[in-house]
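Structural features, examined
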Amino acid sequence: MVNATIISLREWIKCAPKYNTSSVSINGSCCVRDAVSRDYLVASLNIALSLSDDISKAEDLARIGFSDGLKMLPQQISNGSMPDLAQFITVRLKDDQGWISTDAQEVKRTSSTIPTEPISYSTFTEPRSSSMPVLDGSELQALSDDFVDDYAESSGVPSTVTGFNIVNELVQNQDEERYLNVDSANIAVTRKGSDYFEEIVCSDSVRDRRQRIYLLGLVFYELFSGGDRPPRELLVGPSSFEDAPKKKSASQAFDFATGLRVSDDSVVDEDDQDRLGSEESLTGDLGESCTSFRSRKRQARVNRSLLYSEHSQGGTGNVAVLSKEKAQVSIQQLKGKGIPELVCSMIYNMIDCINGDFSGDASYSKASDVTSDLRLMVEYPEKFLRDLDINELTLTPQTLNETLFMRNDEFASLQCAYRNSASGSPEIALIAGESGTGKSSLAHRLGKFIVSIGGVFLQGKFDRLNRAQPFSILARAFNAYCHKLIQETDRGRLKLLASKLQEAFGQDAYHIVKVIPKLGDIIVCNESDSYSNPNQDCMDAQKRLYYLMCRFVETISSCSNCIIALFLDDLQWADDVTISVVGEILMSPDANKRLFFVGCYRDDEVESGHPFWKMIERVQRLGVPARIVKLECMDKEMVARVLSCLLCLPPRLVRSLSDVVHHKTKGNPLFFSQFVLSLNRDGLLYLSLTHRRWQWDEEKIMSRGLPDNVAVFFTQRIGKLPPDVKLALFTLSCFGALIEVDIIKELEANLGDSLIDPLALAEEEGFVNKMNAKYVFCHDRIQEAAYSMTAEEERCLHHMKYGLSLAELSSKVDDNNRMLFVAVSQINLGGPSAVFDDGQRLEIVKYNLAAGKIAIDMSEFHSAFNFLDNSISFLKKTHWKDHYDLGLELHELAAECALITGDVLSLTVLTEQVMKNACSFEDTLNISYICMSTMCYASKISDSVEMGCEILSKLGEELPRSYSDDNIELQIKTTQLMIDNISVMDLLAYRVMTDKTKIMAMKFLRRLKEVTEQVDPNLLPIVTLKMVEITLNYGMSPMSPVGFVYFGSLDANLGDIKGGYKFASLAKSIVDRMKLREIAGQVFYVSADLVCFTEPLHIANENRLENEALALAAGDVTCACYSRVMYASGAFWSGSKLSVSLELVTQGRRFLMSRGHDTSDDYLLLLQHAIIKLIGSAESKTMTDRDVKQRIFNRHNPHALEVYRFLKIYEAFILDDYNRMKESAIEFFQCAAKSWVLTPNHIFHVLTGGLVAFRIYRETNIAFWLEQGEQFKAQMQIWAEQGSSWTFENKCLLLEAEAHFSNDRIDLAQPLYDRAISSAKIHMLVHEEALAYELAANFFFNTSDFLTSLEYYTAAHEKYCQWGAYAKADSLYKSIQEKLTPFLGTLSAHPISIRNELQHPRCYSEGDHRKRKQR
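Below you will find a few notes about this structure. In this text, all values refer to a predicted model and were calculated from it rather than measured experimentally.

With respect to topology, 3 strands assemble into an open sheet ordered β11-β13-β12, the strand pairing being antiparallel. The open sheet has two edge strands with one neighbour each: β11 (738-740) and β12 (768-771). Each adjacent strand pair in this sheet contributes to an overall mean axis angle of 20°, direction not counted. Strand direction decides the pairing type here: β11 and strand β13 (residues 774-777), joined by 3 bridges, are antiparallel. Bridge pairing in β13 places Glu740 opposite Lys774.

Next up, the structure:
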């Protein structure tokens, strides 16, 4: 079967629907009888383009010498005749339906079809009409074959070429519309030696090119007219082509014909009609006899030499020059059918080219020009397929829109990226290019497309000048979207959205509403509901805001039917905080599935170290690809096409102008647009009413001077404006790319300068736009040009004047933060040099301080630091003496912001200033705390600990530096007795700490606790005890719950699980009561560890995700990451199927990488490595054992090293590698340090350590290992007495069984193994059930009970497969063979099915395991 129908052009014209039913012309301006329909016109254009392109490519290849193997064009005419060209052009239709059947009720008609492969009629099954004669497949095939031979003989097309699918002519087409679905058209290939054509190399002479264009024009006449043959006035007889002289003249002869026929009707007299015969169609009636077919063949063999000779003037063979007047009259017949003016003009100029030097200036000289014109008509029908009103032909900035610059391929690439994201495959798109290449225009075009399909398109633009406003870019975009939701969403949906947003933000809604004010009109939030606390850690506040932004995007996109597209322009000027927020959103596993990010940047201004690129690299590491679309300046061909569309003229007619424009503008789209507009404005490019088209003065344009830089061009243009317009543009440029209209109005009222009216004139000139109550420069280059026209010193004075005017206004308006930010930004751009009054200087300091505090409240610490740093710069040198409190406050706040933003250099300078000028030790505490925190983040852990201990000593809270485990345990028990005397209710209602020095001591202790585990784990209980002691003596502080929850962990670690859990619950209650959200993540994380001992592990593990969300809401990324680590590892240790565990670990690693928490990622990397080994698959195994070891040891993280050593033991033990297990166990026990904090991992350390110790003891008989095993067993029993039986019962039984086995108490060991197996099964711990089966099998094997051993090994293998540990199952299978094969003879009495277990295939997947079970 074929997938496309191929018919002759003549047949296509005959069958395709041509006319509008309403008889309305193409341009729609009037009713025209028999007007050609637009659909037919578009299909005809595609055919014409395909033919013209075919000839153009052949000519191009011949021109460079590649003639061999080309598709040759039939050129030589036999006997001076002109064959029927239209019959030798084939049209290929898409979605072929041209097939018939032998046994059904209907036969569909395909006309003369040239398939790409032989057709067998016996395979067709479509039903045929009952009115049709019944023909079987063989009869149809015979008739078709006969007709193919006849047609080949009459037409000159050999029958050996691909066969024709000729179908009954009497069958009417049921679906004419399919003829308009055109794929391509081609000139039929002929073979050497045919009756009519000779295959020759395509000639490239000027005469031959014109001949081809002329004949193609005749074909186009018939094609576009809907079947009318070219009139006699347009014909030139071919006999004259050979006889004409070779010189260039109007009557130059030519011998080329493309096989395209001029109509019989127009060139043959009625008397000759019978002699020529009927040639309307190649198809014949399949019901006719073979004789009828042959008679039609003879009729087709008419002497075609008379076809043109009868139209040569006087029969002499000399053809006169085509009459232009008569030709134009003939073309008017096409216009009468509603054919657009440009198409009619094209056909006329194609035919006119045969006149050679006497042809018009607009006539064609090569086929590639025809192709170029046709391609534009096909691509831009809205411009070229209608007759334009002269009043529409105007040039304005609006006409130079985003679709003008032909970025179709780039636009399609962006569409593809958007569709990928919408289909669930997140992708980001970046548009790069130099200034003026149309990056923003292309992005806005994409935005219109997204909105047109019902999507959401948010946008923001960075500004080189306006960079101090907190979250101004994202806030403006999200604020606008909230405003749109309020206006366009019905009440029910808005209420649902509000409910979901309220649920997502909880009591933190206040913090995001501060950034997105319009959100407050959707949800209800109250500052009193917030967990905000004056003593909160600012780093947490910023991370919290990032989290809330992610939740905002997730929620609003989930309530929409489509993803949200966010476009940020001019990323080269992006601030770090906005980049960080966007990065958080894109790296959030939930948010990035609902967000499509588009960014534009100047690639020549963005270096590799730019924060934007760092963010992109992090996103790509998480598997989100970045599609970069690079925009270049236009080449000459593109400039010609753009001008063609702009002026509605064919490219060949604007070639001279386009060459000049390209030379002047270098193809820069922005420069191009402004230059063309200036030409029109200066009268060098004008509309000619006489010719009803654009014309130009090429010489004057060429001689016109033009700067090489578009910025200089704009500067020159602005310089020609009136003074008030220049001043207005400069004022506008001082505020960046855009500014609100109301701010400009306020300046006009306060300063007395005329701004609004001059800006209206600037808008008319195309410099600015007024939209959405904002003034916006049409391009950054215009803003830069307007700004640079004033000297720098003068600009500073203007900035200061504008800033002070707006600052005074903002102080009179309540809660006008926006105005304050704009005012302070202007003041800071002016700088201290623009201030000459000390009183004014102090006011400026206070303005900046107010702006900085508001920014801190909004959790935007980069902007806050800028405000505070500028505020310090305005202070006098004697400010420590004159304004001590103000200076100290500014330095402390600036230091906090510098800590959060990671500006270590600024932090060092600020710290030195405070330490040098502080009046008391107490005044240095805040800055010292910031310094200590800085050391922690800079990995100077030891220095941080030393500094913390020193500060605490000065605060009267000395920490002992030498201590023993016994002393620590004694202090823990003493403190517990003190607390036991206070009821829980009394502790909840405990007095509040008011001593400022003790409050600071608690802050230092909390920071110290976070770092001691890495350098001095034994210091952790000392710090914890000190925090509890200060709380009991001085009252409850915001840090007290941290002390209580860690004290609970210490208590539980000493064996009092229930007592430890009581303190953890107390700490959680204090957090809720005092609304201490900033420490909630840490408290709940430690509490969750203790819950794992009191509740079933798989149930307790589910709380980890809630703890993670709580920590993120508090901005505590560290605790959130630890919670994710414990959740993934908890799933593994609770017996989840290994494939599920592997997926959770992979997701967890993505989460950690998105938060940049490499330390936590080490733990999951180790677990992932172990799981892959148990599964036995190479999939996802990206690191070798050596790579993993090197990475962990290079981190110098003692906890990661401990996990690494433990997992080495576990892997070797499970995979039964005794030597490696023993070696790893020795290393683990030698390096293990005492841990004071109890975690669920200790459960499995104790279980595995005990089993390994008993195993090594049985092999070596060394008492040390037996003692270690007994200690582990005793510890497990302590936990089992107070903890969950679900978690501990089977583990205790298994350790006890192994202990009896090691002590040769065989009778006691056997029932314990069975009880351990039963307990693991009841509690659904499949991995520990498999382990118990295997250890029991080893026990029975060592006691020579081989039959029972085989049964237990078989059960163990089954359970390991059920768990998904296929590598372990395979290893066990090999072990069974080695152990039991020598004893197979003793198993003869056992059922065969059990013995056959030794013969099962290797099992590497769950599917293989199921197949084995079925067998």
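Structure shown, so let's carry the discussion forward.
Counted under the stated rule, the structure contains 41 aromatic pairs. When the ring of Phe1093 is compared with that of Trp1279, the centres are 5.4 Å apart and the planes differ by 70°; the resulting orientation is edge-to-face. In this pair, Phe1093 is assigned in helix α46 (residues 1080-1094) and Trp1279 in helix α55 (residues 1263-1282), connecting sequence segments 186 residues apart. Residue classification places Phe1093 among the buried residues on the basis of a relative accessible area of 1%.

In the contact formed by helix α58 (residues 1326-1342) and helix α60 (residues 1366-1380), the axes pass within 13 Å of each other and the chain directions differ by 5°. Our classification of the angle between α58 and α60 gives roughly parallel. Along the contact surface, α58 presents Glu1334, Asn1338 and Phe1341, while α60 presents Lys1368, Leu1372, Lys1379 and Leu1380. Residues of the contact of α58 with α60, tallied by class, amount to 3 nonpolar, 1 polar and 3 charged.

What follows concerns the packing of helix α27 (residues 723-733) against helix α30 (residues 780-788). Where α27 meets α30, the axes come as close as 8 Å, and the angle between the chain directions of the two elements is 110°. One finds that α27 runs roughly perpendicular with respect to α30. Regarding α27 and α30, the two cross each other, and that crossing is left-handed. For the pair α27 and α30, the contacting residues are Leu729, Phe730 and Ser733 in the first and Gln783, Ala786 and Tyr787 in the second. A class-by-class count of the residues in the contact of α27 with α30 yields 4 nonpolar, 2 polar and no charged.

Moving on: empty space enclosed by the protein. There is about 110 Å³ of room inside the second largest cavity. Forming the walls of the second largest cavity are Trp1133, Tyr1210, Phe1213, Ile1214, Phe1244, Leu1247, Thr1248, Leu1251, His1327, Glu1328, Leu1331 and Trp1363. Among the secondary structure elements, those contributing two or more residues to the lining of the second largest cavity are α52 (1198-1214), α54 (1241-1260) and α58. Per-element tally for the lining of the second largest cavity: the top contributor is α54, with 4 residues. By residue class, the composition of the lining of the second largest cavity is 9 nonpolar, 2 polar and 1 charged.

Position of Asp780 relative to the elements: it lies in helix α30. A polar contact of 2.9 Å, which involves the side chain of Asp780, links it to the side chain of Lys461. Beyond its immediate sequence surroundings of up to four residues, Asp780 is in contact with Lys461, Asp570, Trp573, Arg602 and Ala737.

Scoring rules and cut-offs
- Within any chain, residue numbers begin from 1 and follow the written order of that chain's sequence.
- Local features in this predicted model are restricted to residues whose pLDDT is 70 or higher, and side-chain atom pairs enter the listing and the counts only when it is 80 or higher, whereas totals over whole chains, interfaces and linings include all residues.
- Only hydrogens and water are removed before side-chain values are computed, so all heavy atoms of the structure are retained for them.
- Only strands joined by at least two bridges in the DSSP assignment are considered to pair.
- Strands here mean DSSP runs of E at least two residues long; helices mean DSSP runs of H or I at least four residues long; both are numbered from the N terminus.
- Note on definitions: angles span 0 to 180 degrees between N-to-C directions of axes, and those axes are lines fitted to C-alpha atoms, for helices only across the stretch in contact.
- Between 30 and 60 degrees the pair is tilted, below 30 it is stacked and above 60 it is edge-to-face, where a pair is any two Phe, Tyr or Trp rings, Trp via its six-membered ring, whose centres lie within 6.5 Å.
- Each residue's exposure class comes from its accessible area (1.4 Å probe, protein chains only) as a fraction of the maximum for that residue type: buried when under 20%, exposed when over 50%, partly exposed otherwise.
- By definition in this entry, angles of less than 35 degrees are roughly parallel, angles greater than 145 are roughly antiparallel, angles of 65 to 115 are roughly perpendicular, and the rest are oblique.
- Any two residues whose heavy atoms approach within 4.5 Å at even a single point are treated as in contact.
- Here the nonpolar group is Ala, Val, Leu, Ile, Met, Phe, Trp, Tyr, Cys and Pro; Asp, Glu, Lys and Arg are the charged ones; every other residue, Gly included, is treated as polar.
- By definition, turning the near helix anticlockwise from the far helix through less than a right angle yields a left-handed crossing, and turning it clockwise yields a right-handed one.
- Cavities and pockets are defined on a 1 Å grid built over the protein atoms alone: a cavity is a set of grid points where a 1.4 Å probe fits but cannot escape, while a pocket is an open set with protein on both sides within 12 Å along at least five of seven lines, and lining residues are those with an atom within 4 Å of any such point.
- Grid points are joined across faces, edges and corners, and a volume is the space filled by probe spheres set on the points.
- Any N or O atom pair separated by 3.5 Å or less is treated as a polar contact, with the protein-specific requirement of one donor-capable and one acceptor-capable atom, and with residues adjacent in sequence counted only for side-chain atom pairs.

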